[in-house]
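What follows is each chain in one-letter form.
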Amino acid sequence: MLKTNTEIKMTQQKNNKALNIGLWIAQGLLAIMFIMAGVMKATQPIEELAVSLPWVASSPVSLIRFIGISELLGGLGLLIPSIFRFKPFLTIWAALGLAIIMVLAAIFHASKGEYSAIITNILIMGIALFIAWGRSKKAPILSK
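Residues numbered from 1 in each chain as written. Predicted model: local features only at pLDDT ≥ 70, side-chain atom pairs only at ≥ 80, totals over all residues. Heavy atoms only, no water.

Caption draft 1: Main features of the overall build of the protein. Regarding its fold elements, the protein presents 5 helices and 0 strands. Walking the protein from its N terminus toward its C terminus, one meets helices and strands in the order α-α-α-α-α. A compact globule built from 144 residues should have a C-alpha radius of gyration of about 15 Å, whereas the protein, at 18 Å, is more than 25% larger. Seen through its C-alpha atoms, the protein measures out along the principal axes to roughly 65 × 35 × 20 Å. When burial is assessed residue by residue, the protein has 34% of its 144 residues classed as buried. Relative to all contacts within the protein whose residues are 6 or more apart in sequence, the contacts with residues 24 or more apart total 65%. Of the charged side chains in the protein, 13 are positive and 5 negative; the average position of the first set lies 20 Å away from that of the second. (Helix = DSSP H or I, 4+ residues; strand = E, 2+ residues; numbered from the N terminus. Rg over C-alpha atoms; globule rule 2.2 N^0.38 Å. Buried < 20%, exposed > 50% of the residue type's maximum accessible area, 1.4 Å probe, protein only. Contact = heavy atoms within 4.5 Å. Lys, Arg positive; Asp, Glu negative; His and termini not counted. Charge placed at Lys NZ, Arg CZ, Asp CG, Glu CD.)

Listed below in structure tokens is the structure:
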């Protein structure tokens, strides 16, 4: 049974719509996670932060604040350019930047012997790369 061009286009549109929805969900969840983590690392006193993140006690304060600001900006970058359709390519760059942060976090955790944290870093990196791939190749958001 051969499909007509119309049937093929309708199937592609449904697949593209589903991918677009999946990308928006991934962008939203990852953005919320990174914005919350970033605000926490950028603003909380180190003593309070060390309760939930023990590694900060042995890390320079400037590194923790830099990570927090980077995560916050990356989280905002996943949403703001796409929502307002103003330079939406920045969403791709934000996703790639967050993936790099996760690679660096995995290296950091490996150096501290915190191997269980690396699995989370890899999963988050995978989601960020999915967003970068999807928004650059399969379901790009066009500028106004």
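There's more to say after this.
Caption draft 2: Local environment of the packing of helix H4 (residues 89-111) against helix H5 (residues 115-138). Taken N-terminus to C-terminus, the directions of H4 and H5 make an angle of 165°; their axes are 8 Å apart at the nearest point. When the axes of H4 and H5 are compared, the pair comes out roughly antiparallel. H4 and H5 meet at a crossing whose hand is left-handed. Listed contacts from H5 to Thr91, Ile92, Ala95, Leu96, Leu98, Ala99, Met102, Val103, Ala105, Ala106, His109 and Ala110 of H4 are Tyr115, Ala117, Ile118, Asn121, Ile124, Met125, Ala128, Leu129, Ile131, Ala132, Arg135 and Ser136. When grouped by side-chain class, the residues that make up the contact of H4 with H5 number 19 nonpolar, 4 polar and 1 charged. (Axes fitted to C-alpha atoms, helices over the stretch in contact; angles between N-to-C directions. Parallel < 35°, antiparallel > 145°, perpendicular 65-115°, else oblique. Left-handed = near helix turned anticlockwise from the far one by under 90°. Nonpolar A, V, L, I, M, F, W, Y, C, P; charged D, E, K, R; others polar.)

Caption draft 3: Quick peek at the side chain of asparagine 121. Tracing the backbone through its elements, the reader meets asparagine 121 in helix H5. Classification of asparagine 121 by relative accessible area gives buried; the value is 7%. Within the structure, asparagine 121 has its side chain in polar contact with the backbone nitrogen of alanine 106 (distance 3.5 Å). Residues within four places of asparagine 121 in sequence aside, it is in contact with Met102, Ala105, Ala106 and His109. (Polar contact = N/O pair within 3.5 Å; in protein donor to acceptor, adjacent residues only side chain to side chain.)

Caption draft 4: Geometry of a nonpolar patch on the surface. There is a patch of nonpolar side chains on the surface, built from Ile69, Leu73, Leu76, Ile80, Ile83, Phe84 and Phe86 and spanning about 700 Å² of accessible area. Within the secondary structure layout, phenylalanine 84 lies in helix H3 (residues 61-84). (Patch = residues over 30% accessible without salt bridge, like charges linked within 9 Å, V, L, I, M, F, W, Y side chains within 5 Å. Areas by Shrake-Rupley, 256 points an atom, 1.4 Å probe, with all protein chains shown as cover. Salt bridge = Lys/Arg side-chain N within 4 Å of Asp/Glu carboxyl O.)

Caption draft 5: Quick look at the layout of surface pockets. Quantified by volume, the largest pocket comes out at close to 630 Å³. As for the largest pocket, its lining consists of 25 residues, of which Lys41, Glu71, Met102, Ala105 and His109 are closest to the centre. Those elements giving two or more residues to the lining of the largest pocket turn out to be helix H1 (5-43), H3, H4 and H5. Take the lining of the largest pocket: its biggest share by element is 6 residues, from H4. (1 Å grid on protein atoms, 1.4 Å probe; cavity = no way out; pocket = protein on both sides within 12 Å on 5 of 7 lines; lining within 4 Å. Points joined across faces, edges and corners; volume = space filled by probe spheres on them.)

Caption draft 6: Layout of the nonpolar core. Among the nonpolar cores identified, the biggest contains 18 residues, and Leu30, Phe34, Leu78, Leu98, Met102 and Ile131 are the most heavily contacted of them. Those elements that provide at least two residues to this core are H1, H3, H4 and H5. It is H4 that provides the largest number of residues to this core, a total of 8 residues. Judged by nonpolar contacts, the second largest core, of 6 residues, contains Leu49, Leu53, Val56 and Ile64. (Core = buried A, V, L, I, M, F, W, Y, C linked by side-chain atoms within 4.5 Å.)

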